[in-house]
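Now for the letters of each chain:
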Amino acid sequence: WAELRAHATTLRRVYFAGGEPFMQPGHFRMLDLLIETGAAAAIDVVYNSNLTILPDGVFGRLARFRSAGIGASCDGTEEVFERIRVGASWDGFVRNVRTARDHVRLWLQVSPQRDNVTHLGEIVDFAVAERIGIDLTNFVHWPAELSVRNLPPAPRSEAMRYLAGLAARCRDRRLPDVAAQVEMLAQFAQSNAEAGQDDVPER
């Protein structure tokens, strides 16, 4: 902490990842230190958060920084969201999204995988409706059985058809960046099939 205080004014960007930063007391201690030293006004703060909780006072602190952004982990909507993120509430997540977007730059940070690959359009629809960005490029690699690269032939073919349709719909809706991300995912999903191999370890 002493070293951080001594060098606080040299910082320009701080990235908080998980666990869940909004559940870590040390995270708030760090924000307060950067504010107390006068360093905050020159620092961009970026988070990866599951956004299932928003502690009191967090946005008052973040307002003291040059900018603040949150990539909200979201791997589905409604039932898919709650199945993948066990214990989380979709309604609670939506409430927190709507609160956070009024205070910080917010986007959905999606991890495409076996259990959500044919539901990504629902997440895109939600992002568009809520007027927030979306990042679909954090593809799941491990556990290997969750990776879309390792889908069996029939589900892989279904996923490829779905992704082709989703990319086309995104282009029709003037979402070229999202369409490009979907096409990148399709290429990733095909990569093992074209090589004739998979990453799932033998049991």
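This structure is a prediction, so every number in the text was calculated from the model and none was measured. (Residues numbered from 1 in each chain as written. Predicted model: local features only at pLDDT ≥ 70, side-chain atom pairs only at ≥ 80, totals over all residues. Heavy atoms only, no water.)

Asks: Run through the packing of aromatic side chains, naming residues and quoting values.
Replies: Here the structure, examined in full by the defined rule, presents 7 aromatic pairs. Considering the side-chain rings of Phe-139 and Phe-188, the 4.9 Å spacing of their centres and the 35° angle between planes classify their relative orientation as tilted. One end of the pair, Phe-139, is in the loop between strand S5 (133-135) and helix H7 (153-172); the other, Phe-188, is in helix H8 (residues 176-195), and 49 residues separate them in sequence. Given a relative accessible area of 11%, Phe-139 falls into the buried group. With relative accessibility at 12%, the residue Phe-188 sits in the buried group. An aromatic cluster of at least three residues, connected via ring pairs, comprises Phe-81, Trp-90, Phe-93 and Phe-126. (Phe/Tyr/Trp six-rings, centres within 6.5 Å; stacked < 30°, edge-to-face > 60°. Helix = DSSP H or I, 4+ residues; strand = E, 2+ residues; numbered from the N terminus. Buried < 20%, exposed > 50% of the residue type's maximum accessible area, 1.4 Å probe, protein only.)

Asks: Describe in detail unusual backbone geometry, supporting the description with residues and values.
Replies: For the bond from Trp-142 to Pro-143, the omega torsion is 5°, close enough to zero to count as cis. Among the secondary structure elements, Pro-143 is positioned in the loop between S5 and H7. Unusually for a residue other than glycine, Arg-131 sits at a positive phi of about 60°. Locating Arg-131 in the fold gives a position in the loop between helix H6 (120-130) and S5. Looking at Arg-131, the relative accessible area reads 64%, which means it is exposed. The residue Arg-174 is not glycine, and still its phi comes out positive at about 60°. Taking relative accessible area as the criterion, Arg-174 reaches 75% and is therefore assigned exposed.

Asks: Which residues make up the pattern of salt bridges, and what values go with them?
Replies: All told, the structure shown has 10 salt bridges when counted by the stated rule. Residue Glu-79 pairs with Arg-83 through a salt bridge whose shortest N-O separation is 2.8 Å. Remark: Arg-83 and Glu-79 occur in helix H4 (residues 78-84); sequence separation between them is 4 residues, near one turn of the helix. Residue classification places Glu-79 among the partly exposed positions, given a relative accessible area of 47%. On the basis of relative accessibility, which here comes to 40%, the residue Arg-83 falls in the partly exposed class. Three or more residues are tied together by salt bridges with common partners; here these are Arg-98, Arg-101 and Glu-130. (Salt bridge = Lys/Arg side-chain N within 4 Å of Asp/Glu carboxyl O.)

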